[in-house]
Amino acid sequence: MTDVSGVLRRTALYDVHLALGGRMVPFGGFEMPVQYSSILKEHDAVRKRAGLFDLSHMGQFAISGVDVGTWAEALSINKVANMKPGQARYNVFTNERGGAHDDVIFYRLAEDRWLLVVNAGNADKMWAHVTAERSGDVRLTDLRGERALIAIQGPRSVQWLQPFVDADLAAMKYYSCAEAPVRGTRETVVVARTGYTGEDGFELFVPSDDATAVWDALLAAHRGAGLEPCGLGARDVLRLEAGMPLYGHEMDEEITPLQAGLAWAIKFDKAAFRGKEALAAQRDAGDYARIVGLAMDGRVPARSGYPVLAGGARVGEIRSGSLGPSVGKNIATALVAPAAAADGTALTVEVRGAEHAAVVTPMPFYRRPKA
Amino acid sequence: MAQPAGLLYSKEHEWVKLDGDVATVGITDYAQSSLGDIVYVELPRIGAALTQFGSIGVVESVKAVSDIFTPVGGEVTETNAAIEGDPALVNRDPYGDGWLYKVKLDDVGQTAELMSPEQYEKLTVEA
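Keep in mind the model is a prediction, meaning the values are calculated, not measured. Within every chain, residues take consecutive numbers counted from 1 along the sequence as written. Lettering for chains starts from A, numbering for ligands starts from 1, and both go in the order in which the items are written. At least 70 in pLDDT is required for a residue's local features to be given in this predicted model, at least 80 for side-chain atom pairs to be given and counted, and no such filter applies to totals for whole chains, interfaces and linings, which use all residues. Calculated side-chain values reflect all of the structure's heavy atoms, with hydrogen atoms and water omitted.

### A word on the overall build of chain A
Part 1 of the reasoning: Where helices and strands are cited, they refer to DSSP runs of H or I of at least four residues and of E of at least two residues respectively, numbered from the N terminus. Scanning chain A from terminus to terminus reveals eight helices and 19 strands.
Part 2 of the reasoning: In this treatment the radius of gyration is a C-alpha quantity, and the globule benchmark scales as 2.2 Å times the residue count to the 0.38 power. Scaling as 2.2 N^0.38, a compact globule of 371 residues should have a C-alpha radius of gyration of about 21 Å, and chain A matches this with 20 Å.
Part 3 of the reasoning: Judged by the C-alpha coordinates and their principal axes, chain A covers about 60 × 50 × 45 Å.
Part 4 of the reasoning: When a residue's accessible area, from a 1.4 Å probe over protein chains only, is under 20% of the maximum for its type it is buried; when over 50% it is exposed; and in between it is partly exposed. For chain A, the residues scored as buried account for 58% of the 371 residues in total.
Part 5 of the reasoning: Contacts were defined at the residue level, with two residues in contact if any of their heavy atoms lie within 4.5 Å. Taking the contacts inside chain A whose residues are at least 6 apart along the sequence as the reference set, 64% of them involve residues at least 24 apart.
Part 6 of the reasoning: In the form shown here, chain A has an accessible surface area of approximately 14,600 Å², with 53% of it arising from carbon and sulfur atoms.
Part 7 of the reasoning: Treating the 41 positive side-chain charges of chain A as one cloud and the 44 negative ones as another, the clouds have centres 4 Å apart. Here the accessible surface of atoms and residues is derived via Shrake-Rupley with a 1.4 Å probe, and residues count as covered only by protein chains that are part of the display. Only four residue types enter the charge count, namely Lys and Arg as positive and Asp and Glu as negative; His and the chain termini do not. A single reference atom marks each charge: NZ on Lys, CZ on Arg, CG on Asp, CD on Glu.

Structure representation (C-alpha cells):
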C-alpha cells in the first residue's frame, strides 16, 4: 500500500454495499465490506448455494504484444508463453531472492492480449514493477478504476449466472476464460471460471459503470433462493479452508513460493527467471522453513503472529488462523522449521501464555464434493 | 436500538446489572453486533480478583480478538458455563442468556463511574 495519504478508495459498488448493510473496513487501500449479515452465514451460502463478491479492489492490467509470454516468464515462476487463448493460470512474480512481489492470475484472452489480476495491496507496487521492467513488444494499460470485478462462487454458480451470460458456462473448464456479452453491460466482458473459495464459480470483469446493474440484477434474480452478498471476512475463511495462500500471510517478499508450498507452480525447466537461482538453491538445501496447515481440537482460535512450539521450544509462527466452519475445527497456517513440518506432527500454539494442541494437517482442509 | 433500562454501561461496551453487591456483567448488543459471529469467550476464573476497567478476558469472533475490560472490580463468584459450549449465545441474547460472569463488588461506589442507558445510547450513536 503505497498510498500514504490515508485516503481510502471506493469501488464502483460502494453505495451498493452501504445499502446492503455492509460493514466497511480498510483493505488494500480500499473501503471494503468485511461482512453484510454474518461471516458464518455468508460462508455457508457459498458452500451450499452461492455468494456474490465485490473484488473490484483488485488490480487489473491489460497487457498486449507479441513478446508478452517470454517477457512475463522471465519475471515469474510459472509458464506464460504456452498458455492458450481462453486459459487462466496462477503465477507469482518473484524478486532476486526468490521472494514474492505478488501472486497473480494471467488470463490469455487472445493470441496477443492478456489480462493480469494482482492483489489490491500490491497493485501500486506491481504497476511500478511491470512498467519498469517493460521490454520488447509489451504494451501495458492500467485498468484500475475503469473495471470492476464481481465474483459468484458456490455450487449454484453455473445455474444462477447462465441466464445473464451469452456463453455456455457449463462447457467452460475450471481456470478458463472467455469474452462474452453479459446482460447489463455495453460491451463484451471477460468471464472466467476462477475463484478463491474452493468452490465452483465465475469472475466477471465488468466496466465500472455497469457494475451496479450487473450486481443488482444477479442479486434480485437469486436472493430469494439464497444467493448472499459476501464480504472479505467470509472470503478469507473460505480461502483458508481451501488451502489457498494469501499474500502477506503465507507469502511475501521474504517468504518464497517454495516455502509457501507452491512448488507445483515453479517451472525450473524455464531457461531463466527472476529468483530462479535463489529458489533452486533453497530447494537443493531443503532446510527452509515452510508453510503447513494446522488443525486444532480446542475452541481457542490461533491468530496470525502467535508462536508455534514443539516440546516447549519455538519452531515457528501462525500466519493465518480462523474457525473452519466446513472443517468443524479451528484451522491455521504456520511457517515452521522443517523438522516440525511433517504431517501428523504434534505441536502447540501459544495463545495468551497458554499452549494449545495443534496437529500438522495436509491442505486443503476442505475439498468440495465432486459434482 | 434503545438500551435496556435498569442496567449500567461502560464506554468499552459492557453492561452491568446490580443485585445488592453482586453485579452480572455482559457485553452490549452494540458490541456483539460489531464483533460478528462469536466463536470463543475467555473468562476469568471463579475467585479471581478483578480491578475495575482492567482487561480480564477476551471475546473472539471469526475475524478478531477483543479484550473484555471489566466494568466493575471485585471477586468473580460465577461464570456462564453455557457460553463455553455455545459462544454464539452472546450474539443471540447479549442481555440475557449470553451474560458473561458475576462479581461480588469490593466497593459499590465504583458504579458511579458507569453510564446510564441514555448516556450509553448517545455514545453508540456518535461512534
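### Topic: the environment of Ala213(A)
Part 1 of the reasoning: Mapping Ala213(A) onto the fold places it in helix 6 (residues 208-222).
Part 2 of the reasoning: Since its relative accessible area comes to 41%, Ala213(A) is described here as partly exposed.

### Section: the domain arrangement of chain A
Residues and elements named next belong to chain A.
Part 1 of the reasoning: Those domain boundaries reflect an automatic or database domain assignment. The domain boundaries assigned to chain A delineate domain 1 (14-56 + 145-241) and domain 2 (289-361).
Part 2 of the reasoning: Taking the mean C-alpha position of each, domain 1 and domain 2 sit 32 Å from one another.
Part 3 of the reasoning: Contacts between the two partners involve seven residues from domain 1 and, on the opposite side, 10 residues from domain 2.
Part 4 of the reasoning: Buried area: the accessible area, evaluated with a 1.4 Å probe, that two parts lose upon being put together, summed over both parts. Here domain 1 packs against domain 2, burying approximately 620 Å² in sum over the two surfaces, 71% of which is carbon and sulfur.

### Let's talk about the packing of aromatic side chains
For any pair of aromatic rings, geometry is given as the distance between the ring centres together with the angle between the planes.
Part 1 of the reasoning: Pairing of aromatic side chains here covers Phe, Tyr and the six-membered ring of Trp, requires ring centres within 6.5 Å, and sorts the geometry by plane angle: under 30 degrees stacked, over 60 edge-to-face, intermediate tilted. A full pass over the atoms with the stated rule returns nine aromatic pairs over all chains.
Part 2 of the reasoning: With a centroid separation of 6.5 Å and an interplanar angle of 45 degrees, the aromatic rings of Phe268(A) and Phe273(A) are classed as tilted.
Part 3 of the reasoning: Members of the aromatic cluster, each reached through a chain of ring pairs, are Phe93(A), Phe106(A) and Trp114(A).
Part 4 of the reasoning: Between the NZ or CZ atom of Arg47(A) and the centre of the ring of Tyr366(A), over which it lies, the distance is 3.8 Å.
Part 5 of the reasoning: Working rule: Lys NZ or Arg CZ, within 6 Å of ring centre, within 35 degrees of ring normal, means a charge sits over the ring. Cation over ring: Lys102(B) sits above Trp99(B), and NZ or CZ is 5.1 Å from the ring centre.

### A closer look at the interface of chain A and chain B
Part 1 of the reasoning: Between chain A and chain B, the residue contacts involve 17 residues of the former and 17 residues of the latter.
Part 2 of the reasoning: At the boundary of chain A with chain B, total buried surface from both sides reaches about 1,400 Å², with 48% on carbon and sulfur atoms.
Part 3 of the reasoning: Three residues, Arg299(A), Arg303(A) and Arg352(A), lead the burial of chain A against chain B; their summed loss comes to 44% of the area buried on that side.
Part 4 of the reasoning: One speaks of a salt bridge when a side-chain nitrogen belonging to Lys or Arg is within 4 Å of a carboxyl oxygen belonging to Asp or Glu. Joining chain A to chain B, the criterion identifies four salt bridges.
Part 5 of the reasoning: Contributions of two or more residues to the side of chain A that touches chain B are made by strand 2 (30-35), helix 2 (39-48), helix 7 (232-241) and strand 16 (313-324) of chain A.
Part 6 of the reasoning: Top contributing element to the side of chain A that touches chain B by residue count: helix 7 of chain A, with three residues.
Part 7 of the reasoning: As a working rule, the residues Ala, Val, Leu, Ile, Met, Phe, Trp, Tyr, Cys and Pro are called nonpolar, Asp, Glu, Lys and Arg charged, and the rest polar, with Gly in that last group. Taken together, the residues that form the side of chain A that touches chain B break down as eight nonpolar, four polar and five charged.

### A closer look at the pairing of strand 6 (residues 100-110) of chain A
All names here are of chain A.
Part 1 of the reasoning: Of all 11 residues making up strand 6, 11 are buried, and the element is well covered by its neighbours.
Part 2 of the reasoning: A strand pair is defined by DSSP finding two or more bridges across the two strands. Here strand 5 (residues 87-94) hands over to strand 6 after five residues, with Gly98 in that stretch at a positive phi of 85 degrees.
Part 3 of the reasoning: The pairing of strand 6 with strand 7 (residues 113-118) spans five bridges and is classified as antiparallel. Directly across from Arg108, in strand 7, lies its bridge partner Trp114.
Part 4 of the reasoning: The turn linking strand 6 back onto strand 7 is made up of two residues.

### A word on helix 4 (residues 117-126) of chain B
Residues and elements named next belong to chain B.
Part 1 of the reasoning: Buried within helix 4 we find Pro117, Tyr120 and Thr124. All buried residues of helix 4 fall inside an arc of 65 degrees around its axis, so they share one side. Facing away from the buried side of helix 4, by more than 90 degrees, are the exposed residues Glu118, Lys122, Val125 and Glu126. The arc under discussion is defined with respect to the helix axis, by the directions toward the C-beta atoms.

### Regarding the pattern of salt bridges
Residues and elements named next belong to chain A.
Part 1 of the reasoning: All chains considered together, the criterion is met by 32 salt bridges over all chains.
Part 2 of the reasoning: Between Arg47 and Glu199 there is a salt bridge; the shortest N-O distance is 3.0 Å. Of the two residues, Arg47 is situated in helix 2 and Glu199 in the loop between strand 11 (189-192) and strand 12 (201-207); the sequence distance between them amounts to 152 residues.
Part 3 of the reasoning: With relative accessibility at 10%, the residue Arg47 sits in the buried group.
Part 4 of the reasoning: The exposure class assigned to Glu199 is buried, which follows from its relative accessible area of 4%.
Part 5 of the reasoning: Here Asp209 makes a salt bridge to Arg186, at a shortest N to O gap of 3.8 Å. Of this pair, Asp209 sits in helix 6 while Arg186 sits in the loop between strand 10 (177-180) and strand 11, and the two are 23 residues apart along the sequence.

### Regarding the sheet that holds strand 11 of chain A
Strands pair in a sheet through their backbones, by hydrogen bonds, and they do so in one of two ways: parallel or antiparallel.
Residue and element names in this part refer to chain A.
Part 1 of the reasoning: Overall, mixed pairing links the six strands, which are arranged 10-11-12-9-3-13 in an open sheet. This sheet does not close on itself; its edge strands, each paired only once, are strand 10 and strand 13 (227-230). Averaged over all neighbouring strand pairs, the angle between strand axes comes to 20 degrees, with direction disregarded.
Part 2 of the reasoning: Taken together, the four bridges between strand 10 and strand 11 define a ladder with antiparallel strand orientation. Its bridge partner being in strand 11, Cys177 is matched across the sheet by Ala192. What counts as an axis is a line fitted to C-alpha atoms, over the stretch in contact for a helix, and the angles between N-to-C directions run from 0 to 180 degrees.

### Thoughts on the pairing of strand 4 (residues 59-64) of chain A
All names here are of chain A.
Part 1 of the reasoning: Within strand 4, five of the six residues are buried, which leaves it mostly tucked inside the rest of the structure.
Part 2 of the reasoning: Note that strand 4 and strand 7 share six bridges and pair antiparallel. In the strand pairing of strand 7, Ile63 is matched with Trp114.
Part 3 of the reasoning: With four bridges connecting them, strand 4 and strand 8 (residues 139-142) associate as antiparallel partners. Bridge pairing in strand 8 links Ser64 to Arg139.

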